[in-house]
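One-letter residues, chain by chain:
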Amino acid sequence: MKISLNPHAKDAATRDALVAEGGFGKYYTDHMVVCEWSEKEGWGEPELKPYGPISLDPATAVFHYGQEIFEGMKAYRQPDGSISLFRPEANAKRFAKSAARLALPEMPEALFLETVDALLQQDGGWVPNKVGESLYIRPFMFATEVGLGVRPSNKALYMLIATPAGAYFDPSKAVSVWISTEYVRAAQGGTGEAKCGGNYAASLVAQKAAAKEGCDQVVWIDAIERKWVEEMGGMNLYFVKGSGSSATVVTPKLTGTLLPGITRDSILSVAKDLGYKTDEVMISIDDWREGVASGEISEIFACGTAAVVSPVGQAKSVMGTWVTGDGQPGVITMQIRNALLAIQHGTVVDTHNWMSAVK
Ligand SMILES: *Cc1c(COP(=O)(O)O)cnc(C)c1O
């Protein structure tokens, strides 16, 4: 690792004031990591350097054909003041899979983890202290070959940046969703399983449509039968059937078009730890509407690294509008959310070995 420290790094008081502001994605830490790849030379030596703009030729491939992938992960302050990452190996593995799908080079897991560690060792002071707060880490990679020919790029740039994430969870509000029957996020054989910017670019018009309907988020259904529930925006979905200790916590099955969320995967274990049955099944819009009407579906929530767990309330679509629960976060939703946060913040025993300490 080459190291070039930032001569203008914020002093501790300035940094702490910025971190205390909360929010998300407004401020970035003093450094970033870059690592170049070329077909000829493979991966170069990563460099930790001052955070700042980069300069690229206007004919750089990524601007024209969108060959780009990213990850999102979090570092949490532990009770003893140390810093731990939540399941970083899972992000490394998914990053390599996304790379393969987008014809980008697969970054070795050890190299990926080395860059994350290096940034945290330098900028660890930016990890907030309060429960629900964290440092959000964004690794990404894009095609840097210069030229307008359509082909897999023979050069790529990996970058790593980080931003403090405040506790923006509002426990008094469940999100409303617009079930999109007009736009599709992903189809079999497409890029739905890959974490690539292009998926998001294609989703924004649907997000706009959802907002026009007065909804906070868009829910995606499958591309072929147009009835199976897949995801909500950039998060996976969970449905709670029944209540109390006999409840079953179910999530849409991974069919090849859903993004396999690490939070989704973790909740399957956490829900079992809490004594609930879990299932991965196909859930249709009709199942959703009828389940809510009969009361069988008692709670719905979305999950992902950024928000961890968000309760879902009203669902709206061309087929009508229906509401789960009373618009307040469900009991089991909050129990799962708190159990996961307790593991992440190191206040309970990490029985799954998910936490990875930063040296
Ligand atoms: C990142 C992402 C998720 C959630 O994945 P996590 O690993 O839990 O953060 C879900 N859906 C989409 C489309 C995503 O991009």
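Relevant structure appears above.
Here is a short report on the structure shown in this document. Just so we're clear, the structure is a prediction, and the values are computed from it rather than from any experiment.

Reading the values: the criteria
Residues numbered from 1 in each chain as written. Predicted model: local features only at pLDDT ≥ 70, side-chain atom pairs only at ≥ 80, totals over all residues. Heavy atoms only, no water. Helix = DSSP H or I, 4+ residues; strand = E, 2+ residues; numbered from the N terminus. Polar contact = N/O pair within 3.5 Å; in protein donor to acceptor, adjacent residues only side chain to side chain. Contact = heavy atoms within 4.5 Å. Phe/Tyr/Trp six-rings, centres within 6.5 Å; stacked < 30°, edge-to-face > 60°. Buried < 20%, exposed > 50% of the residue type's maximum accessible area, 1.4 Å probe, protein only. 1 Å grid on protein atoms, 1.4 Å probe; cavity = no way out; pocket = protein on both sides within 12 Å on 5 of 7 lines; lining within 4 Å. Points joined across faces, edges and corners; volume = space filled by probe spheres on them. Axes fitted to C-alpha atoms, helices over the stretch in contact; angles between N-to-C directions. Parallel < 35°, antiparallel > 145°, perpendicular 65-115°, else oblique. Left-handed = near helix turned anticlockwise from the far one by under 90°. Near = heavy atom within 4 Å. Areas by Shrake-Rupley, 256 points an atom, 1.4 Å probe, with all protein chains shown as cover. Nonpolar A, V, L, I, M, F, W, Y, C, P; charged D, E, K, R; others polar.

### Describing the side chain of Ser-38
Stage number 1. Structurally, Ser-38 is set in strand β2 (residues 31–38).
Stage number 2. Separated by 3.0 Å, the side chain of Ser-38 and the backbone nitrogen of Glu-41 make a polar contact.
Stage number 3. For Ser-38, the contacting residues outside a window of four places in its chain are Asn-154 and Lys-155.

### Regarding the packing of aromatic side chains
To describe a pair of aromatic rings, you give the distance between the ring centres and the angle between the ring planes.
Stage number 1. Taken as a whole and assessed by the stated rule, the structure comprises 11 aromatic pairs.
Stage number 2. Geometrically, the ring pair formed by Tyr-28 and Tyr-51 is stacked, given 5.4 Å between the ring centres and 15 degrees between the ring planes. Here the residue Tyr-28 occupies a position in the loop between α1 (12–20) and β2, and Tyr-51 occupies one in the loop between β4 (47–50) and α2 (61–65), the gap between them amounting to 23 residues.
Stage number 3. With a relative accessible area of 27%, Tyr-28 lands in the partly exposed category.
Stage number 4. With a centroid separation of 5.8 Å and 70 degrees between ring planes, the pair formed by Phe-95 and Tyr-158 is classed as edge-to-face. Here Phe-95 is found in helix α3 (residues 88–101), whereas its partner Tyr-158 is found in strand β9 (residues 155–165), with 63 residues between them in sequence.
Stage number 5. A relative accessible area of 1% places Phe-95 in the buried class.
Stage number 6. By way of ring pairs, the aromatic residues Phe-95, Phe-112 and Tyr-158 are connected into one cluster.

### Considering the layout of surface pockets
Stage number 1. Looking at the second largest pocket, its volume works out to about 420 Å³.
Stage number 2. Residue lining of the second largest pocket: 21 residues in total, with Arg-94, Lys-97, Glu-193, Leu-254 and Pro-260 positioned closest to the centre.
Stage number 3. Of all the secondary structure elements, the ones that give two or more residues to the lining of the second largest pocket are α3 and α6 (262–273).
Stage number 4. Residue contributions to the lining of the second largest pocket peak at 6 residues, all from α3.

### What to know about the packing of α3 against helix α4 (residues 109–123)
Two measures define how a pair of helices packs: the angle their axes make with one another and the distance between the axes.
Stage number 1. For the pair α3 and α4, the least separation of the axes is 9 Å and the interaxial angle reads 125 degrees. With respect to their mutual orientation, α3 and α4 come out oblique. As α3 runs across α4, the sense of the crossing is right-handed. Residue-level inspection shows Pro-88, Glu-89, Asn-91, Ala-92, Lys-93 and Phe-95 of α3 in contact with α4, the latter providing Glu-109, Phe-112 and Leu-113.

### Describing the site of the ligand
Stage number 1. The environment of the ligand is made up of 14 residues, and the closest members are Lys-195, Tyr-200, Glu-231, Thr-263 and Thr-305.
Stage number 2. Between a nitrogen atom of the ligand and a side-chain N or O atom of Glu-231, the distance comes to 2.5 Å.
Stage number 3. One of the side-chain nitrogen or oxygen atoms of Thr-263 is found 2.6 Å away from an oxygen atom of the ligand.
Stage number 4. Contact with the protein chains removes 96% of the 380 Å² of surface that the ligand exposes when unbound.
Stage number 5. Only β13 (235–241) and α6 provide two or more residues apiece to the shell around the ligand.
Stage number 6. Counted by class, the shell around the ligand contains 4 nonpolar, 6 polar and 4 charged residues.

### What about unusual backbone geometry?
Stage number 1. The backbone of Ala-103 sits at a positive phi, close to 55 degrees, despite the residue not being glycine.
Stage number 2. Along the polypeptide, Ala-103 turns up in the loop between α3 and α4.
Stage number 3. With a relative accessible area of 40%, Ala-103 lands in the partly exposed category.
Stage number 4. Here the phi dihedral of Arg-226 falls at roughly 55 degrees; this positive angle occurs in a residue that is not glycine.
Stage number 5. Inspection of the secondary structure puts Arg-226 in the loop between β11 (217–221) and β12 (229–232).
Stage number 6. Judged by relative accessible area, Arg-226 falls into the partly exposed class, the value being 31%.

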